[in-house]
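Fold and contact review
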Amino acid sequence: MKWSEKMNIGIDVDGVLIDFEERFRHRAEVFDYIERKNNEIKDEHSYIIEDRYNWSEKDWEEFANKYLIELTKESNIIPGVKEIISLLRKDGHKLFIISARGTEFEDMITIVNEKFEKENLHFDKCYWKIKDKLKVIQDENVDIMIDDNPSICKKVSENKIKTIYFRNVYGEELEESQYLKEVNNWGEIYRYIKEHCKEK
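Read on for an overview of the structure. Predicted model, so just to flag it, every value in this text is computed and none were measured.

Cut-offs used in this document
- Throughout, a residue's number is its position along its own chain's written sequence, starting from 1.
- Local features are withheld for residues below a pLDDT of 70 in this predicted model, meaning they are given only at 70 or higher, and side-chain atom pairs are given and counted only at 80 or more; totals for whole chains, interfaces and linings count all residues.
- Processing note: side-chain calculations cover all non-hydrogen atoms of the structure and skip hydrogens and water entirely.
- Think of each axis as a best-fit line through the C-alpha atoms, taken over the contacting stretch in the case of a helix, with angles from 0 to 180 degrees between the N-to-C directions.
- Per the convention used, a helix needs a DSSP run of H or I reaching at least four residues, while a strand needs a run of E reaching at least two, with both numbered from the N terminus.
- For classification, angles of less than 35 degrees are called roughly parallel, those exceeding 145 degrees roughly antiparallel, those between 65 and 115 degrees roughly perpendicular, and all remaining angles oblique.
- Crossing handedness is read from the near helix: turned anticlockwise from the far helix by less than a right angle, it gives a left-handed crossing, and turned clockwise, a right-handed one.
- Pairs of residues are marked as contacts when any of their non-hydrogen atoms sit within 4.5 Å.
- Relative accessibility decides the category of a residue: with a 1.4 Å probe and only protein chains considered, values under 20% of the type maximum give buried, values over 50% give exposed, and everything between is partly exposed.
- The arc in question is the one traced by the directions running from the helix axis out to the C-beta atoms.
- A 3.5 Å cut-off defines polar contacts: any pair of N or O atoms within that distance qualifies, except that in protein one atom must be a possible hydrogen donor and the other a possible acceptor, and neighbouring residues in sequence count only when both atoms are side-chain atoms.
- For two strands to be treated as a pair, DSSP must find at least two bridges joining them.
- When the strands point away from the viewer, a crossover counts as right-handed if the route from the first strand across the helix to the second turns clockwise.
- Patches draw on residues past 30% relative accessible area with no salt bridge. Two like charges within 9 Å are joined, as are two nonpolar side chains (Val, Leu, Ile, Met, Phe, Trp, Tyr) within 5 Å.
- For every accessible area listed, the method is Shrake-Rupley and the probe measures 1.4 Å; residues are considered covered only by the protein chains on display.
- Each reported salt bridge corresponds to a side-chain nitrogen of Lys or Arg within 4 Å of a carboxyl oxygen of Asp or Glu.
- Charge counting treats Lys and Arg as positive and Asp and Glu as negative, with His and both chain ends excluded.
- Charged groups are reduced to one reference atom each: NZ for lysine, CZ for arginine, CG for aspartic acid, CD for glutamic acid.
- Residue types Ala, Val, Leu, Ile, Met, Phe, Trp, Tyr and Cys, when buried and joined through side-chain atoms within 4.5 Å, form a set referred to as a nonpolar core.

Attention now goes to the packing of helix α4 (residues 81-90) against helix α8 (residues 186-196). Their axes nearest at 9 Å, the elements α4 and α8 cross at an angle of 20°. Comparing the axis directions of α4 and α8 gives the class roughly parallel. For the pair α4 and α8, the sense of crossing is left-handed. Along its contact with α4, which presents V81, I84, I85, L87 and L88, the element α8 presents W186, Y190 and I193.

Residue pairs three or four apart in sequence face the same way in an α-helix, which turns once every 3.6 residues. Listing the buried residues of helix α1 (residues 20-35) in full gives F20, E21, F24, R25, A28, F31 and D32. On an axial view of α1, the arc spanned by its buried residues comes to 125°, and they lie on one face. The exposed set on the far side of α1, more than 90 degrees from its buried face, consists of E22, Y33 and I34. Buried residues along α1 sit in contact with α2 (49-52), α3 (57-74) and α5 (107-118). A positive phi of about 60° marks K37, the residue just after α1.

Looking now at the side chain of S99. Note that S99 resides in the loop between β2 (94-98) and α5. Of note is the side chain of S99, whose polar atom sits 2.9 Å from the backbone nitrogen of R101. Beyond its immediate sequence surroundings of up to four residues, S99 is in contact with D12, V13, Y127, W128, K129, I130 and K133.

In contact at an axis separation of 9 Å, α3 and α5 are set at 5° when each is read in the N-to-C sense. Taken together, the axis directions place α3 and α5 in an arrangement best described as roughly parallel. Residues L68, I69, T72 and K73 of α3 pack against D107, M108, I111, V112 and K115 of α5.

On the basis of which strands lie adjacent, the open sheet formed by six strands has the order β3-β2-β1-β4-β5-β6 and parallel pairing. With one partner strand each, in any of the chains shown, β3 (125-127) and β6 (180-183) form the two edges of the open sheet. Pairs of neighbouring strands in the sheet enclose a mean axial angle of 20°, with direction left out of account. For strand β4 (residues 144-147) and strand β5 (residues 162-166), the ladder comprises four bridges, and the chain directions are parallel. Across the sheet, residue I146 finds its bridge partner in β5, namely I164.

Next up on the list: the pairing of β5. Among the five residues in β5, five count as buried, and that is most of the element. The side-chain alternation of β5 yields two buried faces, one formed by K162, I164 and F166 and the other by T163 and Y165. Tracing the backbone out of β4, into helix α7 (residues 150-158) and back to the parallel element β5 gives a crossover that is right-handed. Bridging between β5 and β6 involves four bridges; their strand directions are parallel. The residue of β6 that forms the bridge with Y165 is E182.

Here we come to a negative patch on the surface. Together, D43, E44, E50, D51 and E104 make up a negatively charged patch on the protein surface. Topologically, D51 is positioned in helix α2. With relative accessibility at 38%, the residue D51 sits in the partly exposed group.

Time to look at unusual backbone geometry. Located in the positive-phi region is N141, a residue other than glycine, with phi close to 50°. You can see N141 is positioned in the loop between α6 (133-139) and β4. For N141, a relative accessible area of 56% translates into the label exposed. At K160, a position not held by glycine, the phi torsion is positive, near 60°.

In this section: the nonpolar core. In this structure, I11, L17, F63, I85, F116, F123 and W186 are the most contacted members of the largest nonpolar core, which totals 45 residues. A total of six residues in this core trace back to one element, the largest contributor, which is α3. Beyond its immediate chain neighbours, meaning those up to four positions away, I85 contacts I11, L17, L95, L121, H122, F123 and W186. With ten residues, the next largest nonpolar core counts F96, V136, V142 and V156 among its residues.

Here it is, written out as structure tokens:
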């Protein structure tokens, strides 16, 4: 497959643009152990927080109502994001937010948009509350998707779409391929895009 120098790049938000995931997981652990009285870890290796603990739907709703807005307000832009987003825009790429954020509360979108505005971060289109990211990726002819969710990265790369797996300490190790690249910071993202996604 040939790549043009102007691409459509899909970008997840939580764990990729802002450090919400780290705060979210810390708070969930404390909530489970202290507020739920050591409720029980069901699957310590699960990336999906609802599957990690033995929470009922009521437990999840209590956690969400109590902490999701607060955690969003506390979240910061991940190091490197401002610089690399600016460079990608200067290079002529189109940037699309593709995120499940906002499914629980609309304010979670508003607060993040305010953070982006404050930091002068701009995107060509924003897709919020997305449950099927692959459909949006395909509909928008996204050339590269950047996400921290291993199951989404697997699904997208298996559909032969270049995928950058922004792996954090909670994410499982995935086997790299011509369609899947693991990174740990935004500098690596920029290097990969510049070196591997030009016309050859």
